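For reference, the chains in residue letters:
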Amino acid sequence: MNALLQTQVEPSSHYWMLWISPSHTQIKQIKQLPQHEQQRVLMLHPKKIDQLCHALEQAITTGNYASITLNREIMPSKQEAALEVLALRNNTHINWITQRSSMNSACQLTLI
(Lines give C-alpha, C1' and ligand atoms only; values in the text may rest on other atoms or scores of the structure.)
Protein backbone atom coordinates (compact mmCIF):
# COMPACT_ATOMS: atom_id res chain seq x y z
CA MET A 1 0.00 0.00 0.00
CA ASN A 2 2.82 2.39 0.83
CA ALA A 3 4.47 1.77 -2.53
CA LEU A 4 1.18 2.54 -4.29
CA LEU A 5 0.81 5.84 -2.47
CA GLN A 6 4.37 6.81 -3.31
CA THR A 7 3.91 6.11 -7.02
CA GLN A 8 0.90 8.37 -7.35
CA VAL A 9 1.98 11.73 -8.66
CA GLU A 10 0.69 14.79 -6.88
CA PRO A 11 -1.50 16.91 -9.16
CA SER A 12 0.54 19.87 -10.30
CA SER A 13 -0.51 23.36 -9.43
CA HIS A 14 -2.62 25.19 -12.01
CA TYR A 15 -3.77 22.00 -13.62
CA TRP A 16 -7.52 22.44 -14.11
CA MET A 17 -9.61 24.64 -16.41
CA LEU A 18 -12.91 25.70 -14.84
CA TRP A 19 -15.92 26.62 -16.98
CA ILE A 20 -18.86 28.29 -15.22
CA SER A 21 -22.27 27.53 -16.76
CA PRO A 22 -21.03 26.73 -20.26
CA SER A 23 -23.56 27.05 -23.05
CA HIS A 24 -24.27 24.31 -25.57
CA THR A 25 -21.86 25.85 -28.09
CA GLN A 26 -19.16 26.19 -25.43
CA ILE A 27 -19.56 22.53 -24.53
CA LYS A 28 -19.02 21.70 -28.21
CA GLN A 29 -15.89 23.84 -28.09
CA ILE A 30 -14.65 21.91 -25.05
CA LYS A 31 -15.28 18.61 -26.84
CA GLN A 32 -13.08 19.79 -29.72
CA LEU A 33 -10.08 20.26 -27.42
CA PRO A 34 -7.33 17.62 -27.53
CA GLN A 35 -8.05 14.63 -25.28
CA HIS A 36 -5.41 15.53 -22.67
CA GLU A 37 -6.94 19.02 -22.32
CA GLN A 38 -10.51 17.68 -22.15
CA GLN A 39 -9.50 15.64 -19.12
CA ARG A 40 -8.46 18.84 -17.35
CA VAL A 41 -11.80 20.65 -17.79
CA LEU A 42 -14.25 21.01 -14.91
CA MET A 43 -17.70 22.47 -15.48
CA LEU A 44 -19.65 24.19 -12.72
CA HIS A 45 -23.37 24.88 -12.98
CA PRO A 46 -24.18 26.95 -9.88
CA LYS A 47 -27.72 26.87 -8.56
CA LYS A 48 -27.27 29.92 -6.36
CA ILE A 49 -25.50 32.73 -8.15
CA ASP A 50 -25.01 34.67 -4.91
CA GLN A 51 -22.65 31.94 -3.68
CA LEU A 52 -20.65 31.92 -6.92
CA CYS A 53 -18.32 34.78 -5.92
CA HIS A 54 -17.22 32.99 -2.76
CA ALA A 55 -16.75 29.72 -4.65
CA LEU A 56 -14.63 31.44 -7.31
CA GLU A 57 -12.48 33.13 -4.67
CA GLN A 58 -11.80 29.74 -3.08
CA ALA A 59 -11.05 28.18 -6.46
CA ILE A 60 -8.57 30.92 -7.34
CA THR A 61 -6.74 30.83 -4.02
CA THR A 62 -6.23 27.05 -4.15
CA GLY A 63 -3.83 27.52 -7.06
CA ASN A 64 -5.20 24.49 -8.90
CA TYR A 65 -6.80 26.35 -11.81
CA ALA A 66 -4.91 27.63 -14.85
CA SER A 67 -8.00 29.38 -16.19
CA ILE A 68 -11.60 30.13 -15.29
CA THR A 69 -14.08 30.84 -18.08
CA LEU A 70 -17.39 32.52 -17.31
CA ASN A 71 -19.99 34.88 -18.63
CA ARG A 72 -19.58 38.43 -17.38
CA GLU A 73 -23.35 38.76 -17.04
CA ILE A 74 -23.53 36.29 -14.11
CA MET A 75 -21.08 38.22 -11.95
CA PRO A 76 -21.99 41.38 -10.06
CA SER A 77 -19.87 44.22 -11.45
CA LYS A 78 -18.56 45.00 -7.94
CA GLN A 79 -17.01 41.55 -7.63
CA GLU A 80 -15.52 41.51 -11.11
CA ALA A 81 -12.53 43.73 -10.36
CA ALA A 82 -11.81 42.00 -7.05
CA LEU A 83 -11.76 38.61 -8.76
CA GLU A 84 -9.41 39.87 -11.46
CA VAL A 85 -6.94 41.16 -8.87
CA LEU A 86 -7.13 37.92 -6.90
CA ALA A 87 -6.59 35.93 -10.10
CA LEU A 88 -3.51 37.99 -11.00
CA ARG A 89 -2.01 37.38 -7.58
CA ASN A 90 -2.57 33.63 -7.89
CA ASN A 91 -1.51 33.24 -11.55
CA THR A 92 -4.97 32.27 -12.72
CA HIS A 93 -6.35 33.58 -16.00
CA ILE A 94 -10.01 34.64 -16.13
CA ASN A 95 -11.63 34.32 -19.56
CA TRP A 96 -14.66 36.60 -19.75
CA ILE A 97 -17.04 35.33 -22.44
CA THR A 98 -19.07 38.50 -22.95
CA GLN A 99 -18.28 42.18 -22.68
CA ARG A 100 -20.12 44.32 -20.16
CA SER A 101 -21.58 47.34 -21.85
CA SER A 102 -19.94 50.56 -20.78
CA MET A 103 -22.06 53.07 -18.94
CA ASN A 104 -23.19 56.09 -20.86
CA SER A 105 -23.49 59.47 -19.19
CA ALA A 106 -27.22 59.02 -18.49
CA CYS A 107 -26.59 55.79 -16.58
CA GLN A 108 -23.75 57.39 -14.64
CA LEU A 109 -25.97 60.30 -13.62
CA THR A 110 -28.67 57.86 -12.52
CA LEU A 111 -26.19 56.20 -10.19
CA ILE A 112 -25.16 59.52 -8.67
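The structure under discussion appears in the preceding block.
Everything numeric here is computed off the predicted structure, so don't read it as measured data.

Focus on the environment of R40
And step 1. Within the fold, R40 resides in the loop between α3 (35–38) and β2 (41–44).
And step 2. Considered as a pair, R40 and Y15 are 25 residues apart in the sequence and their alpha carbons are 6.8 Å apart.
And step 3. A polar contact is formed between the side chain of R40 and the backbone oxygen of Y15, at a distance of 2.7 Å.

Focus on the side chain of Q26
And step 1. Assignment of secondary structure puts Q26 in helix α2 (residues 24–31).
And step 2. Accessibility expressed as a relative area gives 13% for Q26, which makes it buried.

Concerning the pattern of salt bridges
And step 1. Inspection of the entire model under this criterion finds 1 salt bridge.
And step 2. Two residues, E80 and R72, come together in a salt bridge whose shortest N-O distance is 2.2 Å.

Rules used throughout
Residues numbered from 1 in each chain as written. Predicted model: local features only at pLDDT ≥ 70, side-chain atom pairs only at ≥ 80, totals over all residues. Heavy atoms only, no water. Helix = DSSP H or I, 4+ residues; strand = E, 2+ residues; numbered from the N terminus. Polar contact = N/O pair within 3.5 Å; in protein donor to acceptor, adjacent residues only side chain to side chain. Buried < 20%, exposed > 50% of the residue type's maximum accessible area, 1.4 Å probe, protein only. Salt bridge = Lys/Arg side-chain N within 4 Å of Asp/Glu carboxyl O.

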